[in-house]
There are 2 protein chains.
Amino acid sequence: MVGENILKELSVKTDSKIVLVVMDGLGDLPNSEGKTALEAAHIPNLDQLAARSVCGLTDPVSRGITPGSGPAHLSLFGYDPIKYQIGRGVLEALGVGINLTSDDLACRGNFATIDKDGIITDRRAGRIPTETNEKLCALLQREITKIDNIKVIITPGKEHRFVVVFRGEGLEDGISDADPQLNGQKVKYAEALRAESEKSVRIINRFIDKCLEVLKGEHPANAILLRGMAKHPNLPSLRELYKLNPAAIAAYPMYRGLARLVGMNILETGETIADEFLTIKENFQNYDFFYVHIKKTDSYGEDGNFAAKVKIIEETDQYIPALLELNPEVLVITGDHSTPAVLAGHSWHPNPFLLCSRYIRVDEVRHFSEKEFVKGGLGRFPSTDALTLMLANGLKLSKFGA
Amino acid sequence: MVGENILKELSVKTDSKIVLVVMDGLGDLPNSEGKTALEAAHIPNLDQLAARSVCGLTDPVSRGITPGSGPAHLSLFGYDPIKYQIGRGVLEALGVGINLTSDDLACRGNFATIDKDGIITDRRAGRIPTETNEKLCALLQREITKIDNIKVIITPGKEHRFVVVFRGEGLEDGISDADPQLNGQKVKYAEALRAESEKSVRIINRFIDKCLEVLKGEHPANAILLRGMAKHPNLPSLRELYKLNPAAIAAYPMYRGLARLVGMNILETGETIADEFLTIKENFQNYDFFYVHIKKTDSYGEDGNFAAKVKIIEETDQYIPALLELNPEVLVITGDHSTPAVLAGHSWHPNPFLLCSRYIRVDEVRHFSEKEFVKGGLGRFPSTDALTLMLANGLKLSKFGA
């Protein structure tokens, strides 16, 4: 992509509407019968749409690089994922639904077990049940609300996982993990990796001491480990950069959080794909950019459940006609990264990318699949170019140079 | 490619084996019958392999740029050839089989003829026979073994060409050629292009004076010209960067030298393609990355000998089944650059690139040829991404970001 600054200068406000549908982890690898989930799925609406669109394949970070959800989404939103690296703590905070502010320093936490000499015997405290976790977080939060002028926000995750957010002025990242990553070691304190983070380190280490104090009668969760300390990234917003008024429709907290990081309005929606497509219909007049996130293609890919991934794709296909009735000037249907069921995890393979607008050269693609999109008119390109293409097709970019 | 530092952080050690077969100068242009060497060759094994692989075309440096062997190979090994420019002296030293150390400063030398006033009358000393060259180099080496604390290593090449390596502490490059590049000029001394290279320049110029002294009774080779003074590039090794334990199988010294620069173990092998494929078989258990170099596709391309180039490709094809029996997790067959017989030299055309692993989307390519690979699922990409793709397919890279 050209730099954000150039793109910002070129961008103009228009009434045209852009819809970006992200089927998470959509890309796949052939199963034992030689078919990807897209090839196995019965998707007449997506196939018809592909036949009158321009298609291609995208690389979220770079060829061969498997992206996490953070970098994969940032790319699609037009942010260089190498320049804007979102820390683990921030992503975890987004994942549990915390509304981060630009003052926040977020950390991923584990409940752990230590013996009487302070040696870690289990970094995950026997994977305590989530309910125990919730009780312990409530206990810690009751006892620890502030350290000096810094607010402390403790939020449970699943099993032994929790998130702690330190909120206040003067916090900085550049902090070592307070986690030796191995059983058999002593509880570890955070260390400043640069001078600016010394204040944050003092706060974090006092927090650790307070937790050890509060938890000392508990078993097995009598200690905590913190890692991935990360400052809110303070990304320039899509409004500021491209004069967009964007809205996000996502059933999962992590993706609402990522959308909030780039300044999208978060629309209330339900748990199902039907809910999400209803939400876009109800709000279609109020925004000019819609990000619709479908999670379960990725979840089932991660589970190695090929058949269920196929079903989610087929389910999504049914909502395409209603989406087309809204008549957006620009429609993109793509994935953020591949999650092949055979790998049961994210992968480096490029993502099918379909763009439909009035101003395209329809190509020879006739089906919505990874293999077919190799023939696509958009070719293979970095995901960071996706937003530029959407803006261009929405006539939201003026000419570069005279 | 993403930066080496990011790739280094992502890389993990696994048992999977990667085989990279480089047919030097493989890419071609159509001959008078409209066929490239690959299209004219009978290569049933490569064609079958292409039909179950994912294919594409690579640019070693950039579209339209004709690379030398150094940059073309560095790209394939994952090093940015613009960032890491290997000096002429170093490549010449590798070409004559010198094991360079990180202390070395290497120069390309010519024997030349000067008249009684010191004016160069022939920059190549009438292209003296190689045997004369060898005798003269031995003579010079007898008389000049050290200058101050710097060891001097003189190695003959073909005809009038030789290599001199200065070995010792404190040598630096950034030195002008001691070669006026024209007959009719005086013998030229080296000059420092930066302050740090003044010591090296003094050593080099004393070496030139000593050579003129030793050679003054000889004819026609009574002088020397030195150029391409270059320091060993001290590349980070493939082991250091990507935790690989790599081995190189190459019959020609230059390619063993390039492989040594990136930290590969050099396996003893014979002169023929059969020898090279036997060597990989015998050593297959001992390494996790194999670079196999086939030289003569390039040599015959350089000679403009289309038919002989075709024969080398056909010969290589016969060893593919045995290679597949080794069952490497990742197999790549490609060229480093094109050497079309009609051009009788390297060219800027992209290289056929084939990748076979368990984790690919087989594409619509059915033959191993330049034209067919245009349809390939890998598309067209910079050679510097090749190693990333090999590592990814060997499951040797973890996820970028959470």
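Look up: the structure comes first, before these words.
Residues numbered from 1 in each chain as written. Chains lettered and ligands numbered in written order. Predicted model: local features only at pLDDT ≥ 70, side-chain atom pairs only at ≥ 80, totals over all residues. Heavy atoms only, no water.

Caption draft 1: Representation of the packing of aromatic side chains within the structure. Enumeration according to the criterion identifies 18 aromatic pairs over all chains in this entry. Pairing Phe-284 of chain B with Phe-290 of chain B gives two aromatic rings, centres 5.3 Å apart and planes at 15°, and the pair type is stacked. Note on accessibility: Phe-284 of chain B and Phe-290 of chain B belong to one class, buried. Between Phe-353 of chain B and Phe-381 of chain B the ring centres are 5.1 Å apart and the planes differ by 85°, which places this aromatic pair in the edge-to-face class. Taken together, the positions of Phe-353 of chain B in strand 13 (residues 351-356) and Phe-381 of chain B in strand 14 (residues 379-382) put the pair 28 residues apart, joining distant regions of the chain. Both residues of the pair, Phe-353 of chain B and Phe-381 of chain B, belong to the buried class. Through successive ring pairs, a cluster of aromatic residues spans Phe-284, Tyr-287 and Phe-290 of chain A. (Phe/Tyr/Trp six-rings, centres within 6.5 Å; stacked < 30°, edge-to-face > 60°. Buried < 20%, exposed > 50% of the residue type's maximum accessible area, 1.4 Å probe, protein only. Helix = DSSP H or I, 4+ residues; strand = E, 2+ residues; numbered from the N terminus.)

Caption draft 2: The arrangement of a nonpolar patch on the surface in detail. Residue and element names in this part refer to chain A. A cluster of nonpolar residues, Val-2, Ile-6 and Phe-400, forms a patch on the protein surface that exposes about 280 Å² of accessible area. Tracing the chain through its elements places Phe-400 in the segment after helix 15 (386-393). On the basis of relative accessibility, which here comes to 62%, the residue Phe-400 falls in the exposed class. (Patch = residues over 30% accessible without salt bridge, like charges linked within 9 Å, V, L, I, M, F, W, Y side chains within 5 Å. Areas by Shrake-Rupley, 256 points an atom, 1.4 Å probe, with all protein chains shown as cover. Salt bridge = Lys/Arg side-chain N within 4 Å of Asp/Glu carboxyl O.)

Caption draft 3: Layout of the environment of Phe-373 of chain B. All names here are of chain B. Its place among the elements puts Phe-373 in helix 14 (residues 370-373). Phe-373 sits 22 residues away from Asn-351 along the chain, and the two C-alpha atoms are 9.2 Å apart. Sequence-distant contacts of Phe-373, defined by excluding residues within four places in its chain, comprise Ala-50, Cys-55, Gly-56, Leu-57, Pro-352, Phe-353, Leu-354, Val-365, His-367 and Phe-368. (Contact = heavy atoms within 4.5 Å.)

Caption draft 4: Structural view of the interface of chain B and chain A. Counting residues at the interface gives 28 residues for chain B, matched by 31 residues for chain A. For the pair chain B and chain A, the summed buried surface comes to about 2300 Å²; carbon and sulfur atoms form 64% of the total. Considering only the side of chain B, the residues that lose the most area to chain A are Arg-361, Phe-400 and Ala-402 of chain B, jointly responsible for 35% of the buried surface there. Linking chain B with chain A are one salt bridge. (Buried area = accessible area lost by both parts, 1.4 Å probe.)

Caption draft 5: Inspection of the nonpolar core at higher detail. In this structure, Tyr-79, Met-264, Phe-289, Tyr-291, Leu-355 and Met-390 of chain B are the most contacted members of the largest nonpolar core, which totals 60 residues. The element best represented in this core is helix 15 (residues 386-393) of chain B, accounting for six residues. (Core = buried A, V, L, I, M, F, W, Y, C linked by side-chain atoms within 4.5 Å.)

Caption draft 6: Fine view of the sheet that holds strand 9 (residues 246-250) of chain B. All names here are of chain B. With mixed pairing, the eight strands of this open sheet are ordered in space as 10-9-11-1-12-13-2-14. In the strand order of this sheet, the two ends are held by strand 10 (265-266) and strand 14, each with one partner. Across two bridges, strand 9 lies against strand 10 in parallel orientation. Looking at strand 10, one finds that Ala-247 is bridged to Asn-265. Running at roughly 10° to strand 13, helix 15 makes contact with strand 1 (18-23), strand 11 (289-294), strand 12 (330-334), strand 13 and strand 14 of the sheet. (Pairing = 2+ DSSP bridges. Axes fitted to C-alpha atoms, helices over the stretch in contact; angles between N-to-C directions.)

Caption draft 7: Layout of the relation of the copies chain B and chain A. Once turned by 123° and shifted 0.0 Å along the axis, chain B lies on chain A with an RMSD of 0.1 Å. Taken together, the turn and the small shift mark the pair as related by a three-fold rotation axis. When the interface residues of chain B are mapped onto chain A, a mere 4% of them are again interface residues, pointing to distinct binding faces. (Least-squares fit on C-alpha atoms with pLDDT ≥ 70 in both.)

Caption draft 8: Focus on helix 6 (residues 130-143) of chain B. All names here are of chain B. If you check helix 6, its first and last C-alpha atoms are 20 Å apart, about what 14 residues at 1.5 Å a residue would give, namely 20 Å. Of all the residues in helix 6, the buried ones are Asn-133, Leu-136, Cys-137, Leu-139 and Leu-140. Summarising the axial view, the buried residues of helix 6 lie within an arc of 160°, below the 170-degree limit, and thus occupy one face. Along helix 6, the residues that are exposed and aim more than 90 degrees away from the buried face are Glu-131, Lys-135 and Arg-142. (Expected span 1.5 Å × (residues − 1). Arc of directions from axis to C-beta.)

Caption draft 9: Inspection of the sheet that holds strand 9 (residues 246-250) of chain A at higher detail. Residues and elements named next belong to chain A. Taken in spatial order, the eight strands make up an open sheet running 10-9-11-1-12-13-2-14, and their pairing is mixed. If you trace the sheet from one side to the other, it starts and ends with strand 10 (265-266) and strand 14 (379-382), each paired once. Where strand 1 (residues 18-23) meets strand 12 (residues 330-334), five bridges bridge the pair, whose relative direction is parallel. Note that in strand 12 the partner of Val-22 across the bridge is Thr-334. On the sheet, helix 15 packs against strand 1, strand 11 (289-294), strand 12, strand 13 (351-356) and strand 14 and is oriented at approximately 10° with respect to strand 13.

Caption draft 10: Local environment of helix 6 (residues 130-143) of chain A. Looking at helix 6 of chain A, one finds that the buried residues are Thr-130, Asn-133, Leu-136, Cys-137, Leu-139 and Leu-140 of chain A. Contact partners of the buried residues in helix 6 of chain A: strand 3 (104-114), strand 6 (150-156), strand 7 (161-167) and helix 7 (198-215) of chain A.

Caption draft 11: Spotlight on the packing of helix 6 of chain B against helix 7 (residues 198-215) of chain B. Residues and elements named next belong to chain B. Running from N to C, helix 6 and helix 7 cross one another at 120°; their axes reach a closest spacing of 10 Å. With respect to helix 7, the axis of helix 6 lies oblique. The way helix 6 lies across helix 7 gives a crossing that is right-handed. Of the residues in helix 7, those touching helix 6 at Leu-136, Leu-139, Leu-140 and Glu-143 are Cys-211, Val-214 and Leu-215. Considered class by class, the residues forming the contact of helix 6 with helix 7 number six nonpolar, no polar and one charged. (Parallel < 35°, antiparallel > 145°, perpendicular 65-115°, else oblique. Left-handed = near helix turned anticlockwise from the far one by under 90°. Nonpolar A, V, L, I, M, F, W, Y, C, P; charged D, E, K, R; others polar.)

Caption draft 12: Seen up close, the pattern of salt bridges. Residue and element names in this part refer to chain A. The full count for this structure, using the stated rule, is 37 salt bridges over all chains. Linking Arg-206 and Asp-148 is a salt bridge whose minimum nitrogen-to-oxygen distance equals 3.1 Å. You can see Arg-206 sitting in helix 7 and its partner Asp-148 sitting in the loop between strand 5 (146-147) and strand 6, a full 58 residues away along the chain. The class of Arg-206 is partly exposed, set by a relative accessible area of 36%. Owing to a relative accessible area of 52%, Asp-148 belongs among the exposed residues under this scheme. Of the charged contacts, one joins Glu-172 and Arg-194 as a salt bridge, the two residues approaching to 3.1 Å between their closest N and O atoms.

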